[in-house]
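Take a look at the letters that make up each chain.
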Amino acid sequence: MFAQREAGFTYSRTGNPTVGLLERRLAALEGGAGAVATSSGQAAVALTLLALAGRSGQSPDGEAHAAAPAGHVVAGDRIYGGTADLLNDSLAEAGIEVTWVDSKDPEAWRAAVTPRTRVFLVESIGNPHGDLADIPVLAEVARASGVALVVDNTLATPYLCRPGELGADIVVHSVTKYLTGNGTTLAGAVVDTGRFDPAAQPERWPQFTAPRRRFGGRSLVELAGNHGALLHLLRAQLLNDLGPTLAPWNAQQALEGIETLDIRMDRHCRNAEALAQRLCDHPAVTSVSYPGLPGSAWEQIAQRDFSHGVGAVLSFELRGDIAAVEQFFAGLKLFVLGANLGDGSSMATHPAWTTHCRLTDDLRARSGITDHTVRLAVGREDLEDLWADLDAALTLALPTSAKEAA
Ligand SMILES: *Cc1c(COP(=O)(O)O)cnc(C)c1O
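Quick summary incoming for the structure in this document. Since we're looking at a predicted model, the values are computed, not measured.

Brief notes about the side chain of D77
At step 1: Structurally, D77 can be placed in the loop between strand 2 (72–76) and helix 3 (81–93).
At step 2: At a separation of 3.0 Å, a polar atom in the side chain of D77 contacts the side chain of R366.
At step 3: With near-sequence residues (within four places) excluded, D77 lies in contact with W100, V101, D102, S103, L363, R366 and S367.

Quick look at the pattern of salt bridges
At step 1: All told, the structure shown has 17 salt bridges when counted by the stated rule.
At step 2: Between R366 and D362 there is a salt bridge, with its nearest N and O atoms 3.3 Å apart. Pair noted here: R366 and D362 are both in helix 15 (residues 361–367), with a separation of four residues, about one helical turn.
At step 3: The network of salt bridges with common partners includes D77, D362 and R366.

Let's talk about the packing of helix 2 (residues 41–53) against helix 3
At step 1: Between helix 2 and helix 3, the shortest axis-to-axis distance is 10 Å and the interhelical angle comes to 45°. When the axis of helix 2 is compared with that of helix 3, the two are oblique. Two packed elements cross with a definite hand, and for helix 2 against helix 3 that hand is right-handed. Where helix 2 abuts helix 3, its residues Q42, V45, A46, L49 and L50 lie against G82, T83, L86, L87 and L91.
At step 2: Split by residue class, the contact of helix 2 with helix 3 holds seven nonpolar, three polar and no charged.

Topic: unusual backbone geometry
At step 1: Omega for the bond connecting N127 with P128 falls within 30 degrees of zero, at 5°, which places this linkage in the cis form.
At step 2: One non-glycine residue, T157, lies in positive phi territory at about 65°.

Things to note about the layout of surface pockets
At step 1: Counted as a void, the largest pocket has a volume near 910 Å³.
At step 2: Looking at the largest pocket, it is lined by 33 residues, and the ones nearest its centre are A7, G8, T14, H232 and R235.
At step 3: At the level of elements, helix 1 (17–29), strand 1 (34–38), helix 9 (220–224) and helix 10 (229–242) are the ones that each hand at least two residues to the lining of the largest pocket.
At step 4: Looking at side-chain class alone, the lining of the largest pocket contains 14 nonpolar, twelve polar and seven charged residues.

Comments concerning the state of the cysteines
At step 1: In this structure the tally under the stated criterion is zero disulfides.
At step 2: As a non-bridged cysteine, C269 has C161 as the owner of its nearest cysteine sulfur, 12 Å distant.
At step 3: Judged by relative accessible area, C269 falls into the buried class, the value being 0%.
At step 4: Here C280 is not cross-linked by a disulfide; its sulfur's nearest cysteine counterpart is in C269, at 17 Å.

Details of the sheet that holds strand 8 (residues 285–289)
At step 1: If you walk across this open sheet you meet the five strands as 8-9-12-11-10, and the pairing is mixed. A strand with exactly one partner marks an edge of an open sheet, and here the two such strands are strand 8 and strand 10 (336–337).
At step 2: For strand 10 and strand 11 (residues 347–349), the ladder comprises two bridges, and the chain directions are parallel. For L337, the partnering residue across the bridge sits in strand 11 and is A348.

Quick word on the packing of helix 1 against helix 11 (residues 248–258)
At step 1: Two elements in contact, helix 1 and helix 11, have axes separated by 8 Å at closest approach and are oriented at 35°. The two elements helix 1 and helix 11 meet at a crossing, and its hand is left-handed. Only P248, A251, Q252, A254, L255 and I258 of helix 11 make contact with helix 1, whose side of the interface consists of T18, V19, L21, L22, R25, L26 and L29.

Parameters at a glance
Residues numbered from 1 in each chain as written. Predicted model: local features only at pLDDT ≥ 70, side-chain atom pairs only at ≥ 80, totals over all residues. Heavy atoms only, no water. Helix = DSSP H or I, 4+ residues; strand = E, 2+ residues; numbered from the N terminus. Polar contact = N/O pair within 3.5 Å; in protein donor to acceptor, adjacent residues only side chain to side chain. Contact = heavy atoms within 4.5 Å. Salt bridge = Lys/Arg side-chain N within 4 Å of Asp/Glu carboxyl O. Axes fitted to C-alpha atoms, helices over the stretch in contact; angles between N-to-C directions. Parallel < 35°, antiparallel > 145°, perpendicular 65-115°, else oblique. Left-handed = near helix turned anticlockwise from the far one by under 90°. Nonpolar A, V, L, I, M, F, W, Y, C, P; charged D, E, K, R; others polar. 1 Å grid on protein atoms, 1.4 Å probe; cavity = no way out; pocket = protein on both sides within 12 Å on 5 of 7 lines; lining within 4 Å. Points joined across faces, edges and corners; volume = space filled by probe spheres on them. Disulfide = S-S within 2.5 Å. Buried < 20%, exposed > 50% of the residue type's maximum accessible area, 1.4 Å probe, protein only. Pairing = 2+ DSSP bridges.

Structure (structure tokens):
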């Protein structure tokens, strides 16, 4: 097993039977070839980008030579704040370059490709506005450019969207969120959908196709097969060397959560749909962004790819000044002021001051996040309780004149 001639458990940093069960279950839910679990969603994204866009992929012999530049990632600009931080700071330290592009403009993705580009990264449902990615279109551009399409499917879960069926090569998850479902556990996963095939373009993916010193002079494709090469690099090198391993107890929490995924997601979606509708008519709200609203910019994608709903994250813009924003948050009693999502409890967040506070000014402007943007991660409480809480806090935030009119 240590010589990697036989699969098995040698040490818990690279695998454990309980974690293995979660990996098989997530792979099955996504219709994928296999999965590697990680200690968090951040680790899943980071390891995937290191594997695909690291230095070793830019040298014909597949080794990470100091003189070789690292790869390049093109990422959609409507993205989770932690992923923006990862690319702008920590992966930049490792030499991996990023270009942020308009998520919904396929031409912008095509135009951003350079000879070093190896990854397109997008969220199936974006954060915090619920932008829906047109995965089939991005997959086509990625394939034509010889680039792997990585989709962060955290906000959708495989119950709402299966990116592999729509053309994605790799799916990443923060299992912390809806998959586990109770805000109790950090966990992440990388799923190989079975589409990523480095052997089809060996010169583009030398880290998988060239004989590697690390792997006894064999290539990863030789060692683990076309559809196991990425997962083997993630597990046998990156998880082993860097150590962001999922604990078995956390895997067990996630496994229990997944048992009720469909029922929970239905409740999350129905609550979010109703609140989005009602918010549109509230005098304290100037606009609502939720892909489930009739006439939304993503209506067509929602109907085509999301038959069970479009998730439970939405944003809206508050009328008034900063004092009104503060009053709104202070007025909430049931909504928790918190940065999590996918919990049973509904959360209200101020992205500009919390989840997205480290974004560059440029990326914040592209993200459509203002000082008046409120993100809701709608939970599973009673709808009328949720609306009563929102309505009361919104009414507090209204200027006095408007309060009288309302
Ligand atoms: C939360 C989240 C992450 C990071 O996951 P953690 O489990 O918190 O490390 C990545 N992507 C998205 C879309 C998320 O919501």
